[in-house]
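Observations on the model geometry
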Amino acid sequence: MAEATEATDAVVIPKPLGDLSEAELLRKRQIGKVSTETLRYLTDAFVSEGFDWLLPVVFSKSTDPLWPDPGASIEKRVETEIYGETVRTTLSMIIHKLVACSTAYPRLFILSPNVRIEKRERGATGWHAYEFTQLDFEIRDAGSNDVRRLVEDAVVGLITHLKKRTKGELVSLGRHSTIEAPARPFRLYDRQSLSAEYGEGWEASLPRDIRGPVWVTNIPREFYDFEDLSSGAWDNYDLFVPKYGEILSGARREWEFDKISSKMERDGVRKENYTLLLKLAREGRLKPSAGAGIGVERLVSWITGAKHVGEVQPFPKVPGTVYDL
Ligand code: ASP
Ligand code: MG
């Protein structure tokens with residue numbers, strides 16, 4: 001997922017479970033129920049579509065460089081040494097997805113914890129957490145349209161499901177009448193035209209102007225997103241929702257060794273941290289694919305009208321604050 005979004009109105013820094021009043025605990029339980037049904041619906045949908053459900057990992061030599069990404073704001077990268085080797089906590093499982101999808105699991109998804117130690121001022125955006133969960137998926141031989149249609153179906157199906165299964169909770173959270181299953185296909189904007197309209201702050205401005213989820217494509221970022229080097233266009237996409245901002249990032253992927261290698265050199269990404277990926281690409285074993293990661297807590301924040309993304313986390317991880325749990 002991309003990073004930058006400004007404050008939603010009335011950001012309230014979430015409190016830990018032990019400090020909540022009875023009324024706040026009730027709200028926490030209601031959001032928890034919507035979150036549970038969201039996970040039930042989405043995991044069922046992916047399994048029914050023939051996806052394999054992989055379990056996440058915490059430490060790896062390779063992880064998402066999160067660079068270059070115009071929205072990234074990482075204060076610290078968590079690296080440690082085990083068995084004499086440097087490993088990193090998962091920033092995203094994009095590298096694992098590319099390898100897994102090219103080898104044993106052509107259609108896969110993972111509910112993966114991402115540790116991104118955001119700059120502390122991002123605690124006030126209401127939209128960043130320094131640990132969060134992505135529903136990350138990847139499909140071999142797929143293109144951007146395949147992924148966008150799949151996500152649109154999932155979002156529409158999810159909202160329809162939640163409005164029935166969690167009606168009481170959504171009514172009491174004040175969202176049952178305001179959240180609607182959107183019409184498909186969702187509108188698609190090019191990042192260049194958004195920059196022309198709003199300037200560089202388009203990521204913060206766009207959510208104020210839209211009425212339903214919209215796609216943004218052609219965002220320059222990490223080496224693994226597909227870039228047409230002749231036109232300079234990026235075949236990637238983010239999903240933005242009203243008021244809140246970006247809840248999903250994804251792309252068609254690069255798979256050719258020469259391109260990946262030269263993009264890493266261009267971006268100053270250290271090749272020694274991507275040995276396996278580069279080896280597979282060099283041997284022609286990396287396969288074309290497309291995929292995306294849904295920010296689970298952000299999705300649930302939008303659906304429930306949360307005052308802070310940490311409010312939908314049982315154990316909030318708000319940038320700048322270290323909690324007991
Ligand atoms: N999950 C994202 C993807 O599939 C990567 C990210 O976390 O930004 O592209
Ligand atoms: Mg990203």
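Residues numbered from 1 in each chain as written. Chains lettered and ligands numbered in written order. Predicted model: local features only at pLDDT ≥ 70, side-chain atom pairs only at ≥ 80, totals over all residues. Heavy atoms only, no water.

What follows deals with the sheet that holds strand β2 (residues 59-60). Here we have three strands laid out as an open sheet, ordered β2-β5-β4, and antiparallel in their pairing. Here the strands that pair on one side only, and so sit at the sheet edges, are β2 and β4 (79-82). With two bridges connecting them, β2 and strand β5 (residues 85-89) associate as antiparallel partners. Looking at the pairing, serine 60 lines up with arginine 88 of β5. (Pairing = 2+ DSSP bridges. Helix = DSSP H or I, 4+ residues; strand = E, 2+ residues; numbered from the N terminus.)

For the rest of this paragraph, the subject is a nonpolar patch on the surface. A surface patch of nonpolar side chains, about 470 Å² in accessible area, is lined by Val58, Phe59, Ile82 and Tyr83. Judged by relative accessible area, which is 43%, phenylalanine 59 ranks as partly exposed. (Patch = residues over 30% accessible without salt bridge, like charges linked within 9 Å, V, L, I, M, F, W, Y side chains within 5 Å. Areas by Shrake-Rupley, 256 points an atom, 1.4 Å probe, with all protein chains shown as cover. Salt bridge = Lys/Arg side-chain N within 4 Å of Asp/Glu carboxyl O. Buried < 20%, exposed > 50% of the residue type's maximum accessible area, 1.4 Å probe, protein only.)

Burial along strand β10 (residues 214-217) is two-sided: Val214 and Val216 facing one way and Trp215 and Thr217 facing the other are all buried. As judged from the four bridges shared by strand β9 (residues 187-190) and β10, these two strands associate in the parallel manner. Paired with tyrosine 189 across the strands is valine 216, a residue of β10.

Our next topic: helix α9 (residues 296-304). Most of α9 sits inside the fold, with nine of its nine residues counted as buried. Listing the buried residues of α9 in full gives Val296, Glu297, Arg298, Leu299, Val300, Ser301, Trp302, Ile303 and Thr304. Positive backbone phi, approximately 70°, marks glycine 305, located one or two places after α9.

Evaluation of the coordinates by the stated rule reveals 28 salt bridges. We note a salt bridge from arginine 253 to aspartate 225, for which the minimum N-O separation is 3.3 Å. Of this pair, arginine 253 sits in the loop between β14 (245-252) and α7 (257-267) while aspartate 225 sits in the loop between β10 and β11 (227-228), and the two are 28 residues apart along the sequence. Each of the salt bridges in this network shares a partner with another, and the network as a whole consists of Lys97, Asp136, Glu138, Arg221, Asp225, Asp238 and Arg253.

Moving on to the packing of aromatic side chains. Aromatic ring pairs: the centre-centre distance and the angle between the two ring planes describe each pair. Within the structure shown, the criterion is met by 12 aromatic pairs. Residues phenylalanine 46 and phenylalanine 137 carry aromatic rings whose centres are separated by 5.0 Å and whose planes lie at 45° to one another, so their mutual orientation is tilted. Placement of the pair is phenylalanine 46 in helix α1 (residues 22-48) and phenylalanine 137 in strand β8 (residues 131-140), with a sequence separation of 91 residues. The buried category is assigned to phenylalanine 137, whose relative accessible area is 0%. Residues tryptophan 127 and tyrosine 244 carry aromatic rings whose centres are separated by 5.3 Å and whose planes lie at 40° to one another, so their mutual orientation is tilted. On the criterion of sequence distance, the pair formed by tryptophan 127 in the loop between β7 (117-118) and β8 and tyrosine 244 in the loop between β13 (236-241) and β14 is long-range, its members being 117 residues apart. Classification of tryptophan 127 by relative accessible area gives buried; the value is 1%. Among the aromatic side chains, those forming a connected cluster through ring pairs are Phe46, Phe51, Trp53, Phe109 and Phe137. (Phe/Tyr/Trp six-rings, centres within 6.5 Å; stacked < 30°, edge-to-face > 60°.)

This brings us to the confidence of the model for the protein chain. Averaged over all residues, the pLDDT of the protein chain is 96; the fraction at 70 or higher stands at 97%. Scored below 50 in pLDDT, residues 1-8 makes 47 contacts in the model with residues more than four places away or belonging to other chains. (pLDDT = per-residue confidence, 0-100. Contact = heavy atoms within 4.5 Å.)

Moving on, we get to the sheet that holds β14. Strand order in the open sheet made by the eight strands is β1-β6-β8-β15-β14-β13-β10-β9, with mixed pairing throughout. This sheet does not close on itself; its edge strands, each paired only once, are β1 (52-54) and β9. In this sheet, neighbouring strand axes are inclined to one another by 25° on average, regardless of whether the strands run parallel or antiparallel. Relative to strand β15 (residues 289-295), β14 runs antiparallel, the two being bridged by five bridges. By the bridge assignment for β15, leucine 248 is matched with isoleucine 294. (Axes fitted to C-alpha atoms, helices over the stretch in contact; angles between N-to-C directions.)

Let's shift gears to unusual backbone geometry. For residues besides glycine, phi is generally negative; the peptide bonds are generally trans as well. Omega for the bond connecting tryptophan 67 with proline 68 falls within 30 degrees of zero, at -10°, which places this linkage in the cis form. With respect to the helices and strands, proline 68 occurs in the loop between β2 and β3 (74-76). Positive phi values are uncommon outside glycine, yet asparagine 218 reaches one of about 65°. Mapped onto the fold, asparagine 218 is located in the loop between β10 and β11.

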